[in-house]
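# Close look at the chain arrangement
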Amino acid sequence: MSGSEEFDVVVLGAGPTGENLADRARAGGLSVAVVERELVGGECSYWACMPSKAMLRPPSALRDAQRLRGARGAVTGAPDAVAVLRRRDAFASHWQDHGQVAWLDSAGITLVRGHGRLDGARRVVVDGADGTRRVLTARHAVAVCTGTRAALPDLPGLERAGVWTSREATSAAEVPARLAVVGGGAVAAEMATAWSALGSRVTLLVRGSGLLPRMEPFAGELTAAALRGSGVDLRTGVSVHGLSRDGEVVLDLGEHGELRATEVLFATGRRAATADLGLESVGLEPGGWIEVDDTGLAVAVDGGWLYAAGDVNGRSLLTHQGKYQARVFGTVIADRAAGRELDLAPWGRSVATADRAGAPQVVFTDPEAASVGLTLADATARGLRVRAVDYEIGDVAGASLHADGYRGRARAVIDLDRETVVGATFVGAGVAELLHSATVAVTAEVPIGRLWHAVPAYPAISEVWLRLLETYRG
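Residues numbered from 1 in each chain as written. Predicted model: local features only at pLDDT ≥ 70, side-chain atom pairs only at ≥ 80, totals over all residues. Heavy atoms only, no water.

### Points about the nonpolar core
As a reminder of what qualifies: Residues grouped as a nonpolar core are buried Ala, Val, Leu, Ile, Met, Phe, Trp, Tyr and Cys residues, joined through side-chain atoms within 4.5 Å. Note on classification: 1.4 Å probe, protein chains only; a residue is buried when its accessible area is under 20% of the maximum for its type, exposed when over 50%, partly exposed between these limits. Going along the chain from the N terminus, every DSSP run of H or I of four or more residues is numbered as a helix, and every run of E of two or more is numbered as a strand. Any pair of residues with heavy atoms lying within 4.5 Å of one another is described as a contacting pair.
Core analysis: the biggest nonpolar cluster contains 34 residues, and W195, L204, L211 and L265 have the highest contact counts within it. At the level of elements, α3 (49–66), α4 (81–91), β8 (178–182), α8 (186–197), β9 (201–206) and α9 (217–229) are the ones that each hand at least two residues to this core. With 6 residues, the single largest contributor to this core is α8. Discounting chain neighbours no more than four positions away, the residues touching L211 are G184, L204, V206, G220, T223, A224, L227 and L234. I393, V396, I448 and L468 belong to the second largest nonpolar core, which has 32 residues in total.

Written out as structure tokens, the structure is:
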């Protein structure tokens, strides 16, 4: 073991969150070390956002062409699965992190390879794969940015069956002949969409009554209808009771019989990646979420030195929200180290207000489902006096030009007392690009009276904003 090395900040985890926090702290004049035991770039770069969207986009482009008279005749084949997977591999950098490491070097951030664990206040012990051990001491802060891991249910035979998690689903080298997907959230819906388009016979098993339960109900309904229309066998109200493998995977569905599949993906949630981080050495529960205040400080740890950013704090399990938190918290760490006053007012530079009021999400199924802010049910539960305003996106001129027979739906949730938009949901082809305008409206609390003067270009799908406002005003 070498002697202790001192840095102003030590970051555990070099995913997008850890990279951004390190960058902001370094930009604030602090020395920073980042500890990573896997690939620099994290889950999003290699097993989530990037490879999954690379798998989804080519089939989506084909479907876009097939929906247009004058173009569909030129599209006569199915997606080239081999080429799609090769393109995906390129977007995952072939699971090599040289480019990300080069960026850390260029930013003046020290990379420490190995498994880092807390060992009391401001102290991190890193065990390298080669058996070496390094001890890092932080003058100002340690930031935990280790994200999450797939949460698998405790089912008989699960380990022996060799099931997929999201990692295998986004990195598999071949298309399974038959794929069972267990879950009803974004990962389940996206991977059912992707593998079905690439030629797999997909059965989607949902324990609840529908898909995308955290979005407006119509988002899950339209997504379910589209999946069924593309050939996915979608079954709701079904639970898996056990598994076995005899070449194929055999799923025991209880009263619903059994299902055989080449592979089975469990997309049944996420858990904090904190089981082996030494949290017990600072009085926290290993394996649990690290609760933080709006400046990123762990609320149950004294001394004002331990931060947690991204999925690991449980506030908003989305890559872009983790990066947002990282920008805020990294700046906070630098400001506190320099003795600068923080801006703690809602939406101030030192607080992650958007986690609670303006977190956007896109599910890249076909159609896409995009939302930001509160659903109607969420707003009502918070005691707000709200009205939901809906509009058929296909009735907008730009949508009818985008695709023949375009169908979709938009909803704005309006706070009647303040006359501001507190939530918005769009479902339809290409609606991901509508979402940022809604995010601006929600986070900036733009009054309806001012939005009326934000004129959408014609003929664009964004004209749905005008239709929503017209429907609200009557």
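### Focus: the sheet that holds strand β18 (residues 368–373)
Which entries qualify depends on this criterion: Should DSSP find at least two bridges between two strands, the strands are regarded as paired. For helices, the axis comes from a line fit to the C-alpha atoms of the stretch in contact; other axes are also lines fit to C-alpha atoms, and the angle between any two N-to-C directions lies between 0 and 180 degrees.
In spatial order, the strands read β17-β18-β21-β20-β19; together these 5 strands make up an open sheet with antiparallel pairing. Both edges of this open sheet fall to β17 (360–363) and β19 (386–391), since each of them pairs with a single strand only. Between one strand axis and the next, the sheet turns by 10 degrees as a mean value, whatever way the strands run. Pairing between β19 and strand β20 (residues 409–415): 6 bridges, direction antiparallel.

### Observations concerning the packing of aromatic side chains
Within a pair of aromatic rings, the relevant descriptors are the distance that separates the centres and the angle that separates the planes. Let me state the cut-off plainly: A pair of aromatic rings is counted whenever rings of Phe, Tyr or Trp (Trp by its six-membered ring) have centres within 6.5 Å, and the orientation is called stacked for planes under 30 degrees apart, edge-to-face for over 60 and tilted otherwise. The criterion is that NZ of a Lys, or CZ of an Arg, lies within 6 Å of the ring centre and within 35 degrees of the ring normal, and then a charge sits over that ring.
As enumerated under the stated definition, the model contains 3 aromatic pairs in all. A cation over an aromatic ring shows up here: R167 above the ring of W47, its NZ or CZ 3.6 Å from the ring centre. Its end group placed over the ring of W452, R473 keeps NZ or CZ at 4.6 Å from the ring centre.

### Comments concerning the packing of α3 against α4
Put simply, the test is: Roughly parallel means an angle under 35 degrees; roughly antiparallel, over 145; roughly perpendicular, 65 to 115; everything else is oblique. Note on convention: the crossing is left-handed when the near helix lies turned anticlockwise from the far helix by less than a right angle, right-handed when the turn is clockwise. Only Asp, Glu, Lys and Arg are considered charged in this grouping, and only Ala, Val, Leu, Ile, Met, Phe, Trp, Tyr, Cys and Pro are considered nonpolar; every other residue, Gly among them, is considered polar.
Two numbers describe how α3 lies on α4: the axes approach to 8 Å, and their chain directions differ by 150 degrees. Looking at the two axes, α3 sits roughly antiparallel to α4. Regarding α3 and α4, the two cross each other, and that crossing is right-handed. Contact residues: α3 offers M50, P51, A54, M55, R57 and P58, while α4 offers V84, R87, R88 and F91. Of the residues assigned to the contact of α3 with α4, the class counts are 7 nonpolar, no polar and 3 charged.

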